[in-house]
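Listed here are the chains, written in short residue letters.
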Amino acid sequence: MDIAKRFSENPLLKPKDIKPSLPGMEILCLLNPGVFTYEGKTWLLCRVAERPPQKENSIQVPIFNEQGKIEILEFLNDDPELDATDPRVILYKGINYLTSLSHLRLLCSEDGKHFYEPDGYQPINGKGALESFGIEDCRVAKIDDTFHLTYTQVSNIAVGVGYMKTTDWKTLERKGMIFPPHNKDCAFFEEQIDNKYYALHRPSSPELGGNYIWIAESEDLEHWGNHRCVATTRPGKWDSVRIGAGAAPIKTEKGWLEIYHGANEENRYCLGALLLDLNDPSKVLARSEEPIMEPLADYEKTGFFGNVIFTNGHVLNGDTITIYYGASDEVICGAELSIAEILQSLKL
Ligand code: MAN
């Protein structure tokens, strides 16, 4: 059952609400923000997906070249070797290219509903060979006074998890890839358990296994080990093909509550919850049978890639979780969920 209370102001942000990062680019999608509070405001670290204006007979694909400059690749629509059936990714001569290039952009708000770009903060761009197709879907975990950013690094050779950290959002320390390919959807726990840091992550194992949520441990947040599988996909259910963690797990009396996304064969993305043991978070105590939120509103059902609700950020206030989410891979929306109601839906 969908138990989310959507903001009446949705969508809160659309591609046309912000400026492209460079002249000659257009914003195709504004989506999947990491969320944090800082200096009394709510902040979104948004994924901005850009591309050059398209031509009638060809697809223009932007990438970062070795010099860190944007270069445009062109694929003719009538080329028999081109497969452009997925709006997000094309296949040409056996190689995948993304149709847009994503960077991360900071927006903030006094009321959590009206967001604007503050002066003095730079967009965060991909850098180096492992980010030549951009950076995406950043989670922000706050531990002490440091913000830890875990995000998807995309390039022609890999999809993996990158890590950077900051205390002031003006200077970033880039730490490189912490979970090698194929991996994404990495969320750090915001406190240690038994003197160890933990992270949820989502490796993909195409031959045996699948797209499952895993957990790992670390002493320093950079080097990860003792990987264990926490949850698998469930045939015949709403989360039958791929699952991935959202933002940092929420500590409750009953356990760590993790809101995750699950997709089925139709690429319909819904949200559900996992409850993990407080002392051993590799142990699942309960899991949503049905989604707690699913694409129902028009802006969630149609858009760049319809029938998608994807969250990787929230703010907490007592029992209320305000999630920010990408709808139809195109716009950013907000909704409130009650922790008590989620726990009740897990039939504890
Ligand atoms: C998938 C989708 C896209 C994303 C790529 C690379 O194709 O999730 O939105 O850009 O993976 O991460």
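These notes cover the structure that comes with them. Since the structure is predicted, the reported quantities are computational estimates derived from the model, not experimental observations.

Criteria and cut-off values
Each chain has its residues counted from 1, running along the sequence as written. Reporting of local features is limited, given that this is a predicted model, to residues whose pLDDT is at least 70; pairs of side-chain atoms are given and counted only at 80 or more, and all residues count toward the totals for whole chains, interfaces and linings. With hydrogens and water stripped out, all remaining heavy atoms of the structure feed into the side-chain values. One requirement defines pairing of two strands: DSSP has to find at least two bridges between them. We count a stretch as a helix when DSSP gives it H or I for four or more residues in a row; a strand needs E for two or more, and each element gets its number in order from the N terminus. Axis definition: a line fitted to C-alpha atoms, over the contacting stretch in the case of helices. Angles run 0 to 180 degrees between N-to-C directions. Any residue with at least one heavy atom within 4 Å of a molecule or strand is counted as near it. Here a polar contact means two N or O atoms within 3.5 Å. Within protein one must be a hydrogen donor candidate and the other an acceptor candidate, and residues neighboring in sequence count only if both atoms are side-chain atoms. To be clear on the numbers: accessible area is Shrake-Rupley with a 1.4 Å probe, and residue cover counts the displayed protein chains and nothing else. Polarity classes work like this: nonpolar for Ala, Val, Leu, Ile, Met, Phe, Trp, Tyr, Cys and Pro, charged for Asp, Glu, Lys and Arg, and polar for all others, with Gly in that last group. Only protein chains enter the area calculation, which uses a 1.4 Å probe; residues under 20% of their type maximum are buried, those over 50% are exposed, and those in between are partly exposed. Residue contacts follow a heavy-atom distance rule, with two residues in contact if any of their heavy atoms lie within 4.5 Å. What is meant by a nonpolar core is a set of buried Ala, Val, Leu, Ile, Met, Phe, Trp, Tyr and Cys residues, joined one to another through side-chain atoms within 4.5 Å. A pair of aromatic rings is counted whenever rings of Phe, Tyr or Trp (Trp by its six-membered ring) have centres within 6.5 Å, and the orientation is called stacked for planes under 30 degrees apart, edge-to-face for over 60 and tilted otherwise. Charge-over-ring contacts are defined here by two conditions on Lys NZ or Arg CZ: a distance within 6 Å of the ring centre and an angle within 35 degrees of the ring normal.

For the rest of this paragraph, the subject is the sheet that holds strand E10 (residues 135–143). In spatial order, the strands read E10-E11-E12-E13; together these four strands make up an open sheet with antiparallel pairing. Strands with a single pairing partner mark the edges of an open sheet, and in this sheet they are E10 and strand E13 (173–179). Each adjacent strand pair in this sheet contributes to an overall mean axis angle of 25°, direction not counted. Relative to strand E11 (residues 146–154), E10 runs antiparallel, the two being bridged by seven bridges. Looking across to E11, one finds that Ile 135 is bridged to Gln 153.

Time to look at the site of the ligand. The environment of the ligand is formed by Arg 47, Arg 88, Val 89, Leu 98, Glu 136, Val 154 and Lys 184. Measuring from an oxygen atom of the ligand, one finds a side-chain N or O atom of Glu 136 at 2.6 Å. Lys 184 places a side-chain nitrogen or oxygen 3.0 Å from an oxygen atom of the ligand. Computed on the free molecule, the ligand has an accessible area of 300 Å², of which 80% lies beneath the protein chains in the complex. Class assignment of the residues belonging to the shell around the ligand gives a composition of three nonpolar, no polar and four charged.

Its location among the elements puts Gln 60 in strand E4 (residues 58–64). Under the relative-accessibility criterion, Gln 60 is labelled buried at 6%. Of the polar contacts made by the side chain of Gln 60, one reaches the side chain of Glu 74; its length is 3.3 Å. Contacts of Gln 60, omitting those with residues within four sequence positions, involve Pro 52, Pro 53, Gln 54, Lys 55, Ile 72, Leu 73, Glu 74 and Thr 99.

Read across the open sheet, the four strands follow the order E14-E15-E16-E17; overall the sheet is antiparallel. Two strands in the sheet have a free side with no partner beyond their single neighbour: strand E14 (183–188) and strand E17 (224–231). For this sheet the average axis-to-axis angle between neighbouring strands, irrespective of direction, equals 25°. Alignment of strand E16 (residues 213–218) against E17, held across five bridges, turns out to be antiparallel. Each bridged residue has a counterpart across the sheet, and for Ile 213 the counterpart in E17 is Ala 231.

With that out of the way, let us pick up the side chain of His 314. One can find His 314 in strand E23 (residues 309–317). Those residues in contact with His 314 that lie beyond four places of it in its chain are Val 35, Ala 247, Ala 248, Ile 250, Ile 321, Thr 322 and Ile 323.

Turning next to the environment of Val 35. Among the structural elements, Val 35 can be located in strand E2 (residues 26–38). Note: C-alpha distance between Val 35 and Leu 12 (23 residues apart in sequence) is 14 Å. Leaving out residues up to four positions away in the same chain, Val 35 has contacts with Thr 42, Trp 43, Leu 44, Val 140, Gly 313, His 314, Val 315 and Tyr 324.

Moving on to the nonpolar core. Leu 257, Met 293, Ile 321, Ile 323, Tyr 325, Leu 337 and Ile 342 are the most contacted members of the largest nonpolar core, which totals 24 residues. Leave out the neighbours within four places in its chain, and Leu 257 touches Pro 249, Ile 250, Thr 252, Ala 273, Leu 274, Leu 275, Ile 321, Ile 339, Ile 342, Leu 343 and Leu 346.

Let us look at unusual backbone geometry. Across the junction of Asn 10 and Pro 11, the peptide omega takes the value -15°, indicating a cis bond. Its location among the elements puts Pro 11 in the loop between strand E1 (5–6) and E2. In this model, Pro 181 is joined to His 182 through a cis peptide bond whose omega is -20°. Structurally, His 182 is set in the loop between E13 and E14. Positive phi, normally seen in glycine, also occurs at Asn 32, with a value near 35°. Counting through the fold element by element, Asn 32 comes out in strand E2. Even without being glycine, Asn 267 reaches a positive phi, approximately 60°. Looking at the secondary structure, you find Asn 267 in the loop between strand E20 (256–263) and strand E21 (269–276).

Summed over the entire model, instances satisfying the criterion amount to 18 aromatic pairs. With centroids separated by 5.1 Å and ring planes inclined at 80°, the aromatic side chains of Phe 189 and Trp 256 adopt a geometry described as edge-to-face. Taken together, the residues Phe 189 in the loop between E14 and strand E15 (197–203) and Trp 256 in strand E20 connect sequence positions 67 residues apart. With respect to class, Phe 189 is no different from Trp 256; both count as buried. The rings of Phe 36, Tyr 38, Trp 43, Tyr 121, Phe 147 and Trp 169 are connected pair by pair, giving a single aromatic cluster. Between Arg 88 and the ring centre of Phe 305, over which it is positioned, the NZ or CZ distance is 3.9 Å. Here Lys 113 stacks its cationic end above the ring of Phe 7, 4.6 Å away from the centre of that ring.

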